[in-house]
Amino acid sequence: MLIKHKPALSEAQVTPKSIYVDRRSFIRQTLAGTLALSGLGLSVSPALAAQAENPSRSAWRQKLASPLATMQKSPYSTTETPAPLKDIQRYNNFYEFGTGKGDPGEHAGGLTIDPWRVVVEGEVEKPGSYMLEDLIKSHLLEERIYRLRCVEAWSMVIPWVGIPLSALIARFKPTSRARYVLFESLVRPEEMPGQRSLFSGIDWPYQEGLRIDEAMHPLTLMAVGLYGDILPNQNGAPFRLVVPWKYGFKSIKSIVKIGFVETMPPTTWNQLQPGEYGFYANVNPAVDHPRWSQKTERRLPGGLFGANRIETMPFNGYAEEVTSLYAGMDLSANY
Ligand code: MTE
């Protein structure tokens, strides 16, 4: 996001790429199995081969099969139409796999997502290293259709599947000193080419944080799926945060650590560019980013030329639910 030496793909570059990705997934589905692609004069890139064969995705899907089968619809869902899956999967920010919007779709398929452990530490009575399935199994999965508003002024409607973070926090039993929750993403450079690149500028792991009352808010979701299936790797499989009233960079992907701390934890984008990305990062059309307006957003998928501009809503349309969290705070200063 917004690192100048390797800019994100332009819309013109993304469109042909997406057609390319679709064509490859068609080839993968129809010619899967023993058919020798090379005999047809086709070649398969290592990334594509990994996507087709990654056994950890099948293993994780199997573990989640019965929770997914009993998934409930949530009253917190928007009635807006979700973006098609192909758009949700091909236009991503996941710098561990590269800085272009198509890079995560291209390179994340080979990520090993099972087994997956989450370390819980700090100010809690029940710290530990938990298998992800053990964290999920006693909770009912919910489908939550939320708007996701990126700080770059694009947005999508996404049908997440997950559990409220508050339900997880309750089982870890935070102490009275736990005022903030921190999150860390996976560091695995051998599977994450963006972590091998010198150009991201990020000091891995990607880190995020919430105030404990934000973390406990009923809208705050830990997602394990979308469109009724496990999460695509490029969307943060197997386990990510979704905070729908904040800019998308708060919604950290592929989480391996949750910590409970007394003081505000450092967060990746805030550390990189503190003048541009705050800790709170609540969606606020009244406060422009220093380099562009936040009054409107491009709702994806757009039309032919990306045209589908809509007005940005305070707190991304969740003001009624969350404004009280910030009573007494100057929202124009807490960007
Ligand atoms: N989490 C990690 N670990 N790495 C990232 O680069 N990008 C963030 C967020 N979570 C990011 C991340 C940003 S800027 C956005 S807008 C959302 O993921 C995008 O989520 P999506 O690709 O599923 O739409």
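The rules behind the values
Residues numbered from 1 in each chain as written. Predicted model: local features only at pLDDT ≥ 70, side-chain atom pairs only at ≥ 80, totals over all residues. Heavy atoms only, no water. Pairing = 2+ DSSP bridges. Helix = DSSP H or I, 4+ residues; strand = E, 2+ residues; numbered from the N terminus. Axes fitted to C-alpha atoms, helices over the stretch in contact; angles between N-to-C directions. Buried < 20%, exposed > 50% of the residue type's maximum accessible area, 1.4 Å probe, protein only. Contact = heavy atoms within 4.5 Å. Near = heavy atom within 4 Å. Polar contact = N/O pair within 3.5 Å; in protein donor to acceptor, adjacent residues only side chain to side chain. Areas by Shrake-Rupley, 256 points an atom, 1.4 Å probe, with all protein chains shown as cover. Nonpolar A, V, L, I, M, F, W, Y, C, P; charged D, E, K, R; others polar. Salt bridge = Lys/Arg side-chain N within 4 Å of Asp/Glu carboxyl O.

## Notes on the sheet that holds strand β6 (residues 180-185)
Thought 1: Reading across the sheet, the five strands line up as β3-β2-β11-β6-β7 and stay open at both edges, with mixed pairing between neighbours. Each of the sheet's edge strands pairs with one partner strand only, and the pair in question is β3 (128-131) and β7 (207-211). Neighbour-to-neighbour, the strand axes of this sheet turn through a mean angle of 20 degrees, independent of strand direction.
Thought 2: As paired elements, β6 and β7 share five bridges and run antiparallel to each other. Bridge pairing in β7 places Y180 opposite R211.

## Side note on the environment of V157
Thought 1: Its location among the elements puts V157 in strand β5 (residues 154-164).
Thought 2: Its relative accessible area of 1% is what places V157 among the buried residues.
Thought 3: The spatial distance from the C-alpha of V157 to the C-alpha of R147 is 4.4 Å, given a sequence separation of 10 residues.
Thought 4: Apart from the residues within four sequence positions on either side, V157 is in contact with T78, E80, T81, P82, A83, I88, I145, Y146, R147 and R299.

## Re the site of the ligand
Thought 1: As a structural note, the neighbourhood of the ligand is formed by 17 residues, with Y95, E96, S185, R240 and K253 the closest of them.
Thought 2: Backbone polar atom of N93 to a nitrogen atom of the ligand: 3.2 Å apart, as the coordinates give it.
Thought 3: The backbone of S251 places a nitrogen or oxygen atom 2.9 Å from a nitrogen atom of the ligand.
Thought 4: Contact with the protein chains covers 99% of the free accessible surface of the ligand, which is 530 Å².
Thought 5: Along the lines of polarity and charge, the residues of the shell around the ligand split into eight nonpolar, six polar and three charged.

## Notes on the pattern of salt bridges
Once their charged atoms are close, side chains differing in charge can pair, the charge on each being opposite to the other.
Thought 1: Inspection of every chain in the model, using the stated rule, returns 22 salt bridges.
Thought 2: Ionic pairing is found between D229 and R61, a salt bridge with its closest N-O pair at 3.0 Å. With D229 in strand β9 (residues 229-230) and R61 in helix α3 (residues 55-69), this residue pair connects regions lying 168 residues apart in the sequence.
Thought 3: Residue R61 is classed as partly exposed on the basis of its relative accessible area of 33%.
Thought 4: When the shortest N-O distance is used, the salt bridge between R291 and E276 registers 2.7 Å.

## Some words on the pairing of β3
Thought 1: The pairing of strand β2 (residues 117-122) with β3 spans four bridges and is antiparallel. Bridge pairing links V119 to S129 in β3.
Thought 2: Hairpin geometry of β2 and β3 is characterised by an intervening segment of five residues between the two adjacent antiparallel strands.

## Observations regarding unusual backbone geometry
Thought 1: Cis peptide bonds are those with omega within 30 degrees of zero, and the linkage from W204 to P205 qualifies with 5 degrees.
Thought 2: Along the chain, P205 turns up in the loop between α8 (193-196) and β7.
Thought 3: Of note, the bond from A237 into P238 is cis; its omega dihedral lies within 30 degrees of zero at 0 degrees.
Thought 4: Structurally, P238 can be placed in the loop between β9 and β10 (240-242).
Thought 5: A positive phi angle, close to 75 degrees, is found at A153, a residue other than glycine.
Thought 6: With respect to the helices and strands, A153 occurs in the loop between β4 (142-149) and β5.
Thought 7: In this structure A153 comes out as buried when scored by relative accessible area, which is 8%.
Thought 8: Not every positive phi belongs to a glycine, and S254 is a case in point at roughly 45 degrees.

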